[in-house]
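Read off the chains here:
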2 protein chains.
Amino acid sequence: MHGPDASNLLERLDALTQAALLQGFHQRQLVEGELLGSPNGERDSVFIVRSGRIRVFLAFEDKEYTLTFLEAGGIYSTHSQAYVQAVRPSEVLMGDTAQTMATLRSLPSAVPAIIRVLGATLDNCMRIIEDLAFRDVEGRLARFLDGMLARKGRPHQGSLRLELDLNTEDIAQLLGTTRQTVSSLLNRMAREGILSRAGNGVFDIHDAERLRARSQ
Amino acid sequence: MHGPDASNLLERLDALTQAALLQGFHQRQLVEGELLGSPNGERDSVFIVRSGRIRVFLAFEDKEYTLTFLEAGGIYSTHSQAYVQAVRPSEVLMGDTAQTMATLRSLPSAVPAIIRVLGATLDNCMRIIEDLAFRDVEGRLARFLDGMLARKGRPHQGSLRLELDLNTEDIAQLLGTTRQTVSSLLNRMAREGILSRAGNGVFDIHDAERLRARSQ
């Protein structure tokens with residue numbers, strides 16, 4: 001799914017299983033901007049986010065495309081086609097992938113959770129492919145806001161308030177477009193009465209039906 | 001990866017593990033065109049292809065986008081955002097997803113193979129996202145042919161022959177474009193001396209360097 005990932009591995013595991021799985025993992029502090037993994041990186045590690053925020057993105061020439069933001073409990077690999085970068089000071093637990101696979105062989109209780117988290121990551125990727133293959137940028141933006149609304153919207157003065165911890169640039173990179181395009185689309189939706197901007201990353205959605213219709 | 005999937009689960013498992021994993025699976029024959037799964041389908045099953053060919057694709061209004069073709073050993077779920085359809089008479093082994101998860105808890109030897117196959121599927125999805133986000137259609141076509149060449153090309157009269165079991169329509173749906181566009185791009189590459197068409201789905205690649213350069 002776009003935005004902060006809902007798949008929290010640690011929440012899915014009981015304390016004993018967690019401890020057994022994380023044996024051999026080491027803690028690492030990341031400063032803002034620090035790169036944890038890149039395509040063809042040498043180290044093949046898995047990591048679990050303890051705190052902070054990590055961006056997973058693809059890059060090609062001067063373009064970037066964000067696959068997801070990971071927060072506490074999120075799990076990923078340093079060894080994919082993606083760049084992995086701390087966008088604020090973060091703490092992760094890192095383990096060797098081969099070693100973790102070996103641990104899993106003797107830790108069957110962790111397996112369903114791991115497979116579900118991988119499945120959720122796959123679902124996220126398939127949604128992105130749908131967006132890119134079938135929707136124009138406005139459709140992607142509407143779908144993104146509609147999805148976030150379902151998860152994070154709360155009633156506020158007769159509308160639904162959506163507080164995203166993302167700026168216009170972040171949203172542009174999630175949608176594979178420019179900041180300027182996102183701004184002008186948001187301005188258009190504001191003119192049409194679908195939403196209004198109540199601050200940086202804060203939106204009041206006045207017409208959720210029309211927002212959803214635009215995301216189809 | 002585009003095209004026939006390289007992740008053959010059955011080959012990765014020894015005979016005993018295979019037998020234990022497939023306990024409770026039942027065999028199903030599919031006729032050409034038969035739909036095995038669709039978005040929001042009720043049944044949540046996993047299946048393994050024994051023979052034939054299964055197409056996994058996304059659809060939106062009148063557009064379709066092929067994620068992969070599965071052949072013998074390929075594994076997938078009926079319960080994703082994708083349609084799953086036999087494109088020729090096929091035989092699959094089907095099992096209930098929840099039941100299979102339970103089996104895996106007592107079958108740790110199968111876990112690394114399953115996770116690797118899921119990882120390969122995820123890699124495939126990330127390649128597709130890269131293609132859609134960053135490449136124009138010609139770049140996608142060149143990358144597709146270059147990738148197939150690495151896996152299936154064989155020397156033939158001073159060139160490399162590539163026999164794809166795919167027609168122009170199949171390739172168009174893999175790349176998210178029309179048959180007409182693929183045809184005209186192939187014709188252009190032929191005029192430029194990069195390749196020639198030696199039959200339906202059969203290409204002779206005369207300049208693999210230039211093909212690769214075009215895929216960057």
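Definitions and limits used
Residues numbered from 1 in each chain as written. Chains lettered and ligands numbered in written order. Predicted model: local features only at pLDDT ≥ 70, side-chain atom pairs only at ≥ 80, totals over all residues. Heavy atoms only, no water. Least-squares fit on C-alpha atoms with pLDDT ≥ 70 in both. Contact = heavy atoms within 4.5 Å. Domains from an automatic or database assignment. Buried area = accessible area lost by both parts, 1.4 Å probe. Salt bridge = Lys/Arg side-chain N within 4 Å of Asp/Glu carboxyl O. Phe/Tyr/Trp six-rings, centres within 6.5 Å; stacked < 30°, edge-to-face > 60°. Helix = DSSP H or I, 4+ residues; strand = E, 2+ residues; numbered from the N terminus. Buried < 20%, exposed > 50% of the residue type's maximum accessible area, 1.4 Å probe, protein only. Lys NZ or Arg CZ within 6 Å of the ring centre and 35° of its normal. Pairing = 2+ DSSP bridges.

- Looking at an unreviewed UniProt entry, one finds chain A named Crp/Fnr family transcriptional regulator and attributed to Azotobacter chroococcum.

### Let's talk about the relation of the copies chain A and chain B
Link 1 in the chain: By a simple turn and slide, chain A fits onto chain B: the slide is 0.1 Å along the axis, the RMSD is 0.1 Å, and the turn is 180°. Taken together, the rotation angle and the small translation identify this as a two-fold axis.
Link 2 in the chain: Most of the interface of chain A is mirrored in chain B, where 100% of its interface residues again form contacts.

### What to know about the domain arrangement of chain A
Residues and elements named next belong to chain A.
Link 1 in the chain: Along its sequence, chain A is organised into domain 1 (9–132) and domain 2 (136–215).
Link 2 in the chain: Inter-centroid distance (C-alpha atoms) of domain 1 to domain 2 is 27 Å.
Link 3 in the chain: When domain 1 packs against domain 2, close to 960 Å² is buried across both sides, 41% of that on carbon and sulfur atoms.
Link 4 in the chain: Where domain 1 touches domain 2, the interface holds four salt bridges.

### Some points on the packing of aromatic side chains
Link 1 in the chain: Following the criterion strictly, the structure yields two aromatic pairs over all chains and no others.
Link 2 in the chain: Between F57 of chain A and Y83 of chain A the ring centres are 5.4 Å apart and the planes differ by 20°, which places this aromatic pair in the stacked class. Remark: Y83 of chain A occurs in strand β7 (residues 83–86) and F57 of chain A occurs in strand β4 (residues 54–60); sequence separation between them is 26 residues.
Link 3 in the chain: For F57 of chain A, a relative accessible area of 5% gives the class buried.
Link 4 in the chain: The lysine or arginine in question, R53 of chain A, covers the ring of F69 of chain A, its NZ or CZ lying 5.0 Å from the ring centre.
Link 5 in the chain: Of note, R55 of chain B hangs over the ring of F57 of chain B, and the distance from its end group to the ring centre comes to 3.8 Å.

### So, the pairing of strand β4 (residues 54–60) of chain B
All names here are of chain B.
Link 1 in the chain: With respect to burial, β4 is a largely interior element, six of its seven residues being buried.
Link 2 in the chain: The pairing of β4 with strand β5 (residues 63–70) spans seven bridges and is antiparallel. Bridge pairing links L58 to Y65 in β5.
Link 3 in the chain: Pairing geometry for β4 and strand β7 (residues 83–86), over four bridges, is antiparallel. Across the sheet, the residue bridging to I54 is A86, located in β7.

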